[in-house]
2 protein chains.
Amino acid sequence: MAVKEPVIFTEKDEMRKWSRSMRSQGKTIGLVPTMGYLHQGHLSLVEEAHKHAEVVVVSIYVNPGQFSPSEDLSTYPSDFHGDILKLKSVPRGVDAVFAPKNLYDYRENKKSEIMLIWKIRILTRKGWFHVWRRGEWGTKQGLELRDWREDILCGKNRPVFFRGVATIVTKLFNIVEPDVAVFGKKDYHQWRIIQRMVRDLDFGIEIVGSDIVRDSDGLALSSRNVHLSPEEREKALSISRSLLKAKSDAKIGLVNCKELTDTVVQTITQAGGRIDYAEIVEQESLEAVEEIKNPVAFCIAAWFGKVRLIDNIEISI
Amino acid sequence: MAVKEPVIFTEKDEMRKWSRSMRSQGKTIGLVPTMGYLHQGHLSLVEEAHKHAEVVVVSIYVNPGQFSPSEDLSTYPSDFHGDILKLKSVPRGVDAVFAPKNLYDYRENKKSEIMLIWKIRILTRKGWFHVWRRGEWGTKQGLELRDWREDILCGKNRPVFFRGVATIVTKLFNIVEPDVAVFGKKDYHQWRIIQRMVRDLDFGIEIVGSDIVRDSDGLALSSRNVHLSPEEREKALSISRSLLKAKSDAKIGLVNCKELTDTVVQTITQAGGRIDYAEIVEQESLEAVEEIKNPVAFCIAAWFGKVRLIDNIEISI
């Protein structure tokens with residue numbers, strides 16, 4: 001079978017025009033938003049999108065709006081050429097790739113809104129490595145979500161994170177105008193917030209959550225895993241292992257959330273991880289629960305070295 | 001010519017389905033968002049919409065999200081039957097009316113999100129009068145605009161106003177999915193904020209601003225004018241008269257904004273009005289200016305009795 005060559009768009013008007021022409025031909029459009037540096041987890045989102053739509057668009061854009069100045073925008077990995085090759089390897093490939101240069105460039109001259117972002121290519125033994133640099137964090141404008149539980153889990157201590165996510169997802173929705181968008185359940189909080197945003201703002205888009213893809217050792221796939229040393233990686237397995245253990249404990253009747261989280265925190269801390277949060281929450285409302293009765297998600301974020309990893313597991317008893 | 005009977009939708013899914021079927025027939029869609037109790041100003045927006053799109057949708061929805069508890073949601077006038085008759089009187093009429101009951105009803109049982117709104121019909125000598133009552137202001141969720149000059153002019157001291165406007169306009173855009181939306185320049189600040197929102201969030205929608213329609217005496221048409229007594233109405237003419245005077249003063253070289261606003265404030269105050277704001281701002285950025293050099297808008301809000309009126313004039317010298 002010939003490998004499908006995706007059309008690559010960098011301009012939003014061209015992207016929207018293509019989408020509208022697809023829709024006028026009666027085709028449904030699936031969108032998979034990514035920040036690039038794709039791995040098998042992303043490719044599984046593409047496969048999921050093919051189940052729900054006739055043509056599939058993958059967006060590749062490292063959104064500066066969801067990083068705060070102290071975060072790792074500057075070291076977020078990128079490999080556009082490799083990404084395209086990977087997308088071509090998926091059964092049925094992808095139909096279009098949307099890779100805009102800057103979605104916040106409004107060609108205004110106002111100092112307070114100028115954002116300086118540039119990319120440096122560094123030649124390493126593994127080949128070219130791309131690094132984003134930024135002079136000023138400038139995406140102060142954007143959507144603020146109100147009362148959307150944006151200040152817990154992945155939003156705790158990161159006031160700009162979900163504002164940035166909501167803004168960029170809204171922009172991508174408005175540019176690509178898809179029928180379906182697929183998000184990974186690995187970013188559980190993000191997936192639920194986007195579901196809620198789509199409901200509250202009446203987007204005519206179906207949001208599909210796709211299961212976490214793990215390496216054979218259990219580590220949830222993430223673009224950030226590349227920054228883990230082999231030792232850190234080994235230690236980081238404590239996350240998925242302790243989550244699995246919590247699930248089986250819950251299944252045999254240990255449903256006290258404080259006890260379950262204490263155990264997980266202890267396991268990860270002993271392995272050398274630094275817990276950001278470890279919480280058992282109701283699946284839709286994301287409200288913390290004391291005892292597992294209804295379906296919950298056990299969500300964890302933890303640092304290993306300089307890498308912040310997230311993972312979660314859904315538990316129904 | 002037979003008068004066109006608009007299709008009336010109260011359910012958002014039906015509305016979107018109709019829009020998509022129009023679009024799939026290659027027709028462009030124009031949207032005119034209103035809060036009902038239509039007057040000639042609204043009808044001029046419909047006429048403007050016909051210039052830009054092949055089919056025209058008018059939405060009628062009093063958005064509770066843009067009123068704060070102290071404001072006049074409860075007395076906002078309504079006359080659905082009369083509105084439909086007026087829309088039929090416009091040349092080419094309208095193709096569809098979207099009149100949802102409640103766009104914030106997500107069928108959740110969470111107390112904190114319940115909003116109680118009911119309508120009372122009162123028989124007066126002038127006929128039935130409809131009054132909205134509300135138990136709890138419940139639209140806490142929504143879009144927050146950041147750094148969009150949402151805290152000046154019509155947003156000053158009204159923290160929920162533009163959040164409410166942005167949320168409802170986004171919802172309407174996502175339900176109706178129009179190609180063009182027409183807004184009155186009477187709500188100058190709102191019009192500019194929506195233009196900016198469309199740019200910043202990449203909506204594929206053209207925003208058209210339509211000129212203010214005035215009564216023969218100069219008063220800008222507003223649904224709220226119905227609450228003015230004949231005496232208040234006469235006094236309220238000081239707004240449009242002083243704005244016209246300011247424009248002609250500017251044309252002959254009086255370009256100092258403090259002097260111009262002082263004169264206007266004095267005129268309106270002497271007529272018995274209570275100024276909410278009177279500001280000369282740059283047309284796009286809405287930034288206050290000291291001297292008129294580039295095109296500006298002179299924007300005024302003032303109370304006459306219990307009625308808050310707004311008006312403005314664009315000045316280019």
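Rules behind the numbers
- Residues numbered from 1 in each chain as written.
- Chains lettered and ligands numbered in written order.
- Predicted model: local features only at pLDDT ≥ 70, side-chain atom pairs only at ≥ 80, totals over all residues.
- Heavy atoms only, no water.
- UniProt positions renumbered as here; feature names shortened; annotations may be inferred.
- Helix = DSSP H or I, 4+ residues; strand = E, 2+ residues; numbered from the N terminus.
- Contact = heavy atoms within 4.5 Å.
- Areas by Shrake-Rupley, 256 points an atom, 1.4 Å probe, with all protein chains shown as cover.
- Buried < 20%, exposed > 50% of the residue type's maximum accessible area, 1.4 Å probe, protein only.
- Pairing = 2+ DSSP bridges.
- Phe/Tyr/Trp six-rings, centres within 6.5 Å; stacked < 30°, edge-to-face > 60°.
- Lys NZ or Arg CZ within 6 Å of the ring centre and 35° of its normal.
- Expected span 1.5 Å × (residues − 1).
- Axes fitted to C-alpha atoms, helices over the stretch in contact; angles between N-to-C directions.
- Polar contact = N/O pair within 3.5 Å; in protein donor to acceptor, adjacent residues only side chain to side chain.
- 1 Å grid on protein atoms, 1.4 Å probe; cavity = no way out; pocket = protein on both sides within 12 Å on 5 of 7 lines; lining within 4 Å.
- Points joined across faces, edges and corners; volume = space filled by probe spheres on them.
- Nonpolar A, V, L, I, M, F, W, Y, C, P; charged D, E, K, R; others polar.
- Core = buried A, V, L, I, M, F, W, Y, C linked by side-chain atoms within 4.5 Å.
- Domains from an automatic or database assignment.
- Right-handed = clockwise from strand over helix to strand, strands pointing away.
- Parallel < 35°, antiparallel > 145°, perpendicular 65-115°, else oblique.
- Left-handed = near helix turned anticlockwise from the far one by under 90°.

With an unreviewed UniProt entry as reference, chain A is termed Pantoate--beta-alanine ligase, source organism Rubroshorea leprosula. UniProt's Sequence similarities (unreviewed entry) comment on chain A is quoted here verbatim: "Belongs to the pantothenate synthetase family." Its UniProt record, at the heading Pathway (unreviewed entry), says of chain A: "Cofactor biosynthesis; (R)-pantothenate biosynthesis; (R)-pantothenate from (R)-pantoate and beta-alanine: step 1/1."

Asks: Before we go on, may I ask you to explain the overall build of chain A in this structure?
Replies: Scanning chain A from N- to C-terminus turns up seven helices and 12 strands. Sequence separation of at least 24 residues holds for 72% of the intrachain contacts in chain A that already meet a minimum separation of 6. As presented, chain A carries roughly 14500 Å² of accessible surface, and 51% of it is formed by carbon and sulfur atoms.

Asks: Mind showing me how you'd approach the pairing of strand β11 (residues 296-304) of chain B here?
Replies: Regular strands have side chains that alternate between both faces of the sheet. Residue and element names in this part refer to chain B. Within β11, eight of the nine residues are buried, leaving the element largely enclosed by the surrounding structure. Alignment of strand β10 (residues 274-282) against β11, held across eight bridges, turns out to be antiparallel. Bridged to Val281 within β11 is Ala297. Two strands pair when backbone bridges link them, and β11 and strand β12 (residues 307-315) are joined in this way by nine bridges, in the antiparallel orientation. Across the sheet, Val296 pairs through a bridge with Ile315, a residue of β12. Remark: two residues form the turn of the hairpin made by β11 and β12, two consecutive strands paired antiparallel; Gly305 in that turn has positive phi of roughly 60°.

Asks: Help me understand the packing of aromatic side chains, please; the structure alone is not making it clear to me.
Replies: Each aromatic ring pair is specified by the distance between its two centres and by the angle formed by the two planes. With the rule as written, the count across this model stands at eight aromatic pairs over all chains. Taking 6.0 Å as the distance between ring centres and 55° as the angle between the ring planes, the aromatic pair formed by Phe9(A) and Trp18(A) counts as tilted. By relative accessible area, Trp18(A) is classed as buried at 13%. The ring of Tyr37(B) has Lys86(B) lying over it, and the distance from NZ or CZ to the ring centre is 5.9 Å. The ring centre of Tyr104(B) lies 4.9 Å from the NZ or CZ of Lys171(B), which sits over that ring.

Asks: Is there a simple way to think about helix α2 (residues 40-52) of chain A in this case?
Replies: An α-helical turn contains 3.6 residues, so a residue and the one three or four places further along point in the same direction. Over its 13 residues, α2(A) extends 19 Å from the first C-alpha to the last, a length consistent with the 18 Å expected when each residue adds 1.5 Å. The inward-facing, buried residues of α2(A) contact β2 (29-34), β3 (55-60), α3 (80-89), β8 (180-184) and β9 (206-210) of chain A.

Asks: It is not clear to me how the sheet that holds strand β8 (residues 180-184) of chain B should be interpreted in this structure. Could you clarify?
Replies: Remark on secondary structure: sheet strands pair via backbone hydrogen bonds, oriented parallel or antiparallel. Residues and elements named next belong to chain B. On the basis of which strands lie adjacent, the open sheet formed by six strands has the order β1-β4-β3-β2-β8-β9 and parallel pairing. Every other strand in the sheet has two partners, leaving β1 (7-9) and β9 (206-210) as the edge strands with one partner each. Neighbour-to-neighbour, the strand axes of this sheet turn through a mean angle of 25°, independent of strand direction.

Asks: Explanation requested: the side chain of Asp311(B) in the structure shown.
Replies: Residue and element names in this part refer to chain B. Position of Asp311 among the secondary structure elements: in strand β12. Residue classification places Asp311 among the buried positions, given a relative accessible area of 4%. A polar side-chain atom of Asp311 sits 2.9 Å from a polar atom in the side chain of Arg214. With near-sequence residues (within four places) excluded, Asp311 lies in contact with Ile212, Arg214, Ala220, Ile239, Ser240, Leu243, Phe298, Cys299 and Ile300.

Asks: I would appreciate a short explanation of the sheet that holds strand β12 (residues 307-315) of chain A in the present structure.
Replies: Residue and element names in this part refer to chain A. Spatial strand order, β10-β11-β12: three strands in an open sheet with antiparallel pairing. Where the open sheet ends on each side, the last strands, each with one partner, are β10 (274-282) and β12. Here the average twist between neighbouring strands, direction ignored, is 10°. Across the sheet, helix α6 (residues 230-251) is in contact with β11 (296-304) and β12; its angle to β12 comes to roughly 20°.

Asks: Is there a simple way to think about helix α4 (residues 161-176) of chain B in this case?
Replies: Look at α4(B): 22 Å from first C-alpha to last across 16 residues, which is about the 22 Å you get at 1.5 Å a residue. Backbone geometry just downstream of α4(B) places Glu177(B) in the positive-phi region, at approximately 50°.

Asks: Explain empty space enclosed by the protein here, please?
Replies: Gaps left between atoms show up when a probe the size of a water molecule is rolled over them. Enumeration over the complete set of coordinates arrives at nine cavities of 30 Å³ or more. Here the largest cavity defines a volume of roughly 220 Å³. Lining the largest cavity are 18 residues, and of these Phe173(A), Asn174(A), Glu177(A), Asn174(B) and Glu177(B) lie nearest its centre. Elements that contribute at least two residues to the lining of the largest cavity include exactly α1 (12-24) and α4 (161-176) of chain A together with α1 (12-24) and α4 of chain B. Tallied by class, the residues present in the lining of the largest cavity amount to eight nonpolar, four polar and six charged.

Asks: Is there a simple way to think about the nonpolar core in this case?
Replies: Generally speaking, soluble globular proteins have nonpolar side chains that are buried together. In terms of nonpolar packing, the biggest core is built from 44 residues, with Met15(B), Val57(B), Phe98(B), Phe173(B) and Ile207(B) touching the most fellow members. The greatest single-element share of this core, amounting to 10 residues, is contributed by α4(B). Residues lining this core come from more than one domain, with at least three contributed by each of domain 1 (7-210) and domain 2 (223-315) of chain B. If near-sequence neighbours (up to four positions away) are discounted, Phe173(B) is found in contact with Leu31(B), Pro178(B), Ala181(B), Phe183(B), Ile194(B), Met197(B), Val198(B), Phe203(B), Ile205(B) and Ile207(B). Met15(A), Val57(A), Ala166(A) and Ile175(A) belong to the second-largest nonpolar core, a separate cluster that totals 43 residues.

Asks: I'm lost on the pairing of strand β3 (residues 55-60) of chain B in this one. Help?
Replies: Residue and element names in this part refer to chain B. The buried fraction of β3 is high, at six of six residues. Of the two faces of β3, the one holding Val55, Val57 and Ser59 and the one holding Val56, Val58 and Ile60 are both buried throughout. In this structure, strand β2 (residues 29-34) lies alongside β3, joined through six bridges in parallel fashion. Along β3, the bridge assignment pairs Ile29 with Val55. The β-α-β motif built from β2, the intervening helix α2 (residues 40-52) and the parallel element β3 has right-handed crossover chirality. With three bridges joining them, β3 and strand β4 (residues 96-98) adopt parallel strand pairing. Within β4, the residue paired with Ser59 across the bridge is Phe98.

Asks: Can you walk me through the packing of α4(A) against helix α5 (residues 188-200) of chain A in this structure?
Replies: All names here are of chain A. It is at 11 Å that the axes of α4 and α5 come closest, and there the two elements cross at 55°. It follows from the interaxial angle that α4 and α5 lie oblique. At the point where α4 passes α5, the crossing takes the right-handed sense. Contacts between α4 and α5 involve Phe161, Phe162, Val165, Ala166, Val169, Thr170 and Phe173 from the first element and His189, Gln190, Ile193, Ile194, Met197 and Val198 from the second. When grouped by side-chain class, the residues that make up the contact of α4 with α5 number 10 nonpolar, three polar and no charged.

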